[in-house]
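Overview (structure and organization)
The chain contents come next:
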Amino acid sequence: MAEKKATKATATKAAAEKKETVKKTAAKKATLVVNAENAGFKAGDVYNALAGAEKALTIAEIAKKAKISNEEVILGAGWLLKEGKITEAEGKIVLA
């Protein structure tokens, strides 16, 4: 019986030590690379999201639908605005 108590106490001590040694790290935020190639790809993502929705969407809605960040939506939207492919309507983005 004494051996079981020692084993249980050792296991509890090991678990407590393990909790102390676990370090919490902050999640790294992805950086947005701004170049012509990346902007073109993000423009395609934005265009496809708008074409699939067939209605005007907000930046947040486009980001969710295209599975990209708000910043990437803005980058792609800038490209599409320059090309005249999209317009703004009542605070939302719509295909031109």
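Residues numbered from 1 in each chain as written. Predicted model: local features only at pLDDT ≥ 70, side-chain atom pairs only at ≥ 80, totals over all residues. Heavy atoms only, no water.

Turning our attention to the overall build of the chain. Along the chain, the regular secondary structure elements total four helices and two strands. The N-to-C order of helical and strand elements in the chain reads α-α-α-α-β-β. Taking the intrachain contacts of the chain between residues at least 6 apart in sequence as the baseline, contacts between residues at least 24 apart amount to 51%. As displayed, the chain has an accessible area near 7,700 Å², and 57% of this comes from carbon and sulfur atoms. (Helix = DSSP H or I, 4+ residues; strand = E, 2+ residues; numbered from the N terminus. Contact = heavy atoms within 4.5 Å. Areas by Shrake-Rupley, 256 points an atom, 1.4 Å probe, with all protein chains shown as cover.)

What follows concerns unusual backbone geometry. Of note, Glu54 is a non-glycine position whose phi angle comes to about 55°, a positive value. Relative to the assigned elements, Glu54 resides in the loop between helix H2 (36-53) and helix H3 (59-66). For Lys67, which is not glycine, the phi torsion reads 60° and is therefore positive. Here Lys67 lies in the loop between H3 and helix H4 (70-83). Owing to a relative accessible area of 76%, Lys67 belongs among the exposed residues under this scheme. (Buried < 20%, exposed > 50% of the residue type's maximum accessible area, 1.4 Å probe, protein only.)

What follows deals with the environment of Lys92. Locating Lys92 in the fold gives a position in strand E2 (residues 92-95). With a relative accessible area of 32%, Lys92 lands in the partly exposed category. Sequence separation between Lys92 and Lys55 is 37 residues; the distance between their C-alpha atoms is 9.4 Å. Contact partners of Lys92, with chain neighbours within four places excluded, come to Ala56, Leu57, Thr58, Glu61 and Thr87.

Taken as a whole and judged by the stated rule, the model has two salt bridges. For Asp45, the salt bridge goes to Lys42, with nearest N and O atoms at 4.0 Å. Linking Asp45 with Lys42, this pair stays in helix H2, spanning three residues, or about one helical turn. Look at Asp45 and you get partly exposed, because its relative accessible area is 27%. The shortest N-O distance in the salt bridge between Lys42 and Glu72 comes to 3.6 Å. Of the two residues, Lys42 sits in helix H2 while Glu72 sits in helix H4, which places them 30 residues apart along the sequence. Each member of the pair, Lys42 as well as Glu72, is classed as buried. (Salt bridge = Lys/Arg side-chain N within 4 Å of Asp/Glu carboxyl O.)

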